[in-house]
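Architecture and fold: a report
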Amino acid sequence: MEPAQNTPAPVPDPGPEPPARPAPRRRGTVRTLALIAVAAVIGLVGGTAVGYGVQADREPTPLPPLNQPGLAYPEPLPKGQKRTLLPASQDRQAKAQGDLRKLLLPKPAGAKKDPYAEDVDGWMSVDTFAGMFTNPGGLLKDELGNEIRRIAATSWTDGKHRRTHIRLIQYRAGVSRGAEWFAEDQHAYLPGEDHADGEGSPIKGSAEGRSYVFPVDRKPGYLDLYEARAVFHRGDIAVEIFIVDTKKISAKEIASLAERQLGRL
């Protein structure tokens, strides 16, 4: 029930208003005001002109020296030395603008491509990505508004039932902080009872990244299902990592995978 709003008390009807009486004519008022306004403008223009003239005849006043001249950035190099450009392998922005698939962790030795993977040649379309969520239309609208750019994905099977999926979700650099917002949204619901049922563990080297190990999912007639996830972002790239298995997944396993993927960005 909405709270009652404060409304003004009703005002009694005073009846028909008496005819308005014409205002008395005040001779000379408008003209006097006009003359005063003209005089003020003339004084303003004249004073401004004199001020410009006086200033033009003066020598320019030098600015005072800086109190802390050593604050210049970057600091000057010793004589004879030149600055070198950061190599592309160490430039995070340069790496992110290239082939995003090269930043994905490689499949472990002996692992095979997951036959149920939904990426095509390492790329995942935005609509396929949105279709993995409970509200695809709403998520697609939000992601387009956050200027999602592209998604690189990889997956593999390791052992009898273990499946691992990694997605790099990149957003356009600009006003939007899409990667950060996506990670925040995932962290908002993952600790819930229907998911990890816990706050997870921080990922080393990440500002807000966390890894989660879900409680075992047991149903009659089915194998036990274990799941672990990691979510973080770096720059304009958000990262999702999934591990699913019928055997227990340790917190160390998902944390190690997340740290190694973070190290490639």
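Quantities reported herein were computed from a predicted structural model and do not represent experimental measurements.

Here we come to the pattern of salt bridges. As enumerated under the stated definition, the model contains ten salt bridges in all. Among the ionic pairs, Arg101 bridges to Asp121, the shortest N-O distance being 3.3 Å. With Arg101 in the loop between helix H2 (92–97) and helix H3 (126–130) and Asp121 in the loop between H2 and H3, this pair connects stretches of sequence that are 20 residues apart. On the basis of relative accessibility, which here comes to 62%, the residue Asp121 falls in the exposed class. In this structure, the salt-bridge partner of Glu240 is Arg229, at a minimum N-O distance of 3.0 Å. One end of the pair, Glu240, is in strand E6 (residues 237–245); the other, Arg229, is in strand E5 (residues 226–234), and eleven residues separate them in sequence. Of the residues examined, Arg229 reaches a relative accessible area of 5% and is grouped as buried.

This paragraph deals with empty space enclosed by the protein. Applying the stated criterion across every chain, the model contains one cavity of 30 Å³ or more. The volume enclosed by the largest cavity comes to roughly 30 Å³. Residue lining of the largest cavity: Asp119, Met124, Ala153, Thr154, Ser155, His165, Ile166 and Arg167, and that is the complete set. Taken together, the residues that form the lining of the largest cavity break down as three nonpolar, three polar and two charged.

Within E6, eight of the nine residues are buried, which leaves the element mostly enclosed by the surrounding structure. Inspection of the sheet shows E5 paired to E6 by nine bridges, in the antiparallel sense. Considered in E6, the bridge of Ala230 is made with Ile241.

In this structure, the largest pocket occupies an estimated 540 Å³ of space. Lining the largest pocket are 21 residues; nearest its centre among them are Met132, Arg167, Tyr189, Arg229 and Phe242. Mapped onto the lining of the largest pocket, the elements with two or more residues apiece are helix H4 (136–145), strand E2 (162–171), helix H5 (178–189), E5 and E6. Looking at the lining of the largest pocket residue by residue, the classes come out as seven nonpolar, six polar and eight charged. Put simply, the second largest pocket is a space of about 340 Å³. Lining the second largest pocket are 18 residues, with His161, Leu223, Leu225, Val244 and Thr246 sitting closest to its centre. Of the residues in the lining of the second largest pocket, the class split is six nonpolar, four polar and eight charged.

Here E5 lies mainly inside the structure; seven of its nine residues are buried. Two strands pair when backbone bridges link them, and strand E4 (residues 210–213) and E5 are joined in this way by four bridges, in the antiparallel orientation. Its bridge partner lying in E5, Val213 is registered against Ala228.

Once that is clear, we can look at the side chain of Gln186. One can find Gln186 in helix H5. Under the relative-accessibility criterion, Gln186 is labelled buried at 3%. If sequence neighbours within four positions are ignored, Gln186 has contacts with Phe133, Arg229, Val231 and Glu240.

Analysis parameters
- Residues numbered from 1 in each chain as written.
- Predicted model: local features only at pLDDT ≥ 70, side-chain atom pairs only at ≥ 80, totals over all residues.
- Heavy atoms only, no water.
- Salt bridge = Lys/Arg side-chain N within 4 Å of Asp/Glu carboxyl O.
- Helix = DSSP H or I, 4+ residues; strand = E, 2+ residues; numbered from the N terminus.
- Buried < 20%, exposed > 50% of the residue type's maximum accessible area, 1.4 Å probe, protein only.
- 1 Å grid on protein atoms, 1.4 Å probe; cavity = no way out; pocket = protein on both sides within 12 Å on 5 of 7 lines; lining within 4 Å.
- Points joined across faces, edges and corners; volume = space filled by probe spheres on them.
- Nonpolar A, V, L, I, M, F, W, Y, C, P; charged D, E, K, R; others polar.
- Pairing = 2+ DSSP bridges.
- Contact = heavy atoms within 4.5 Å.

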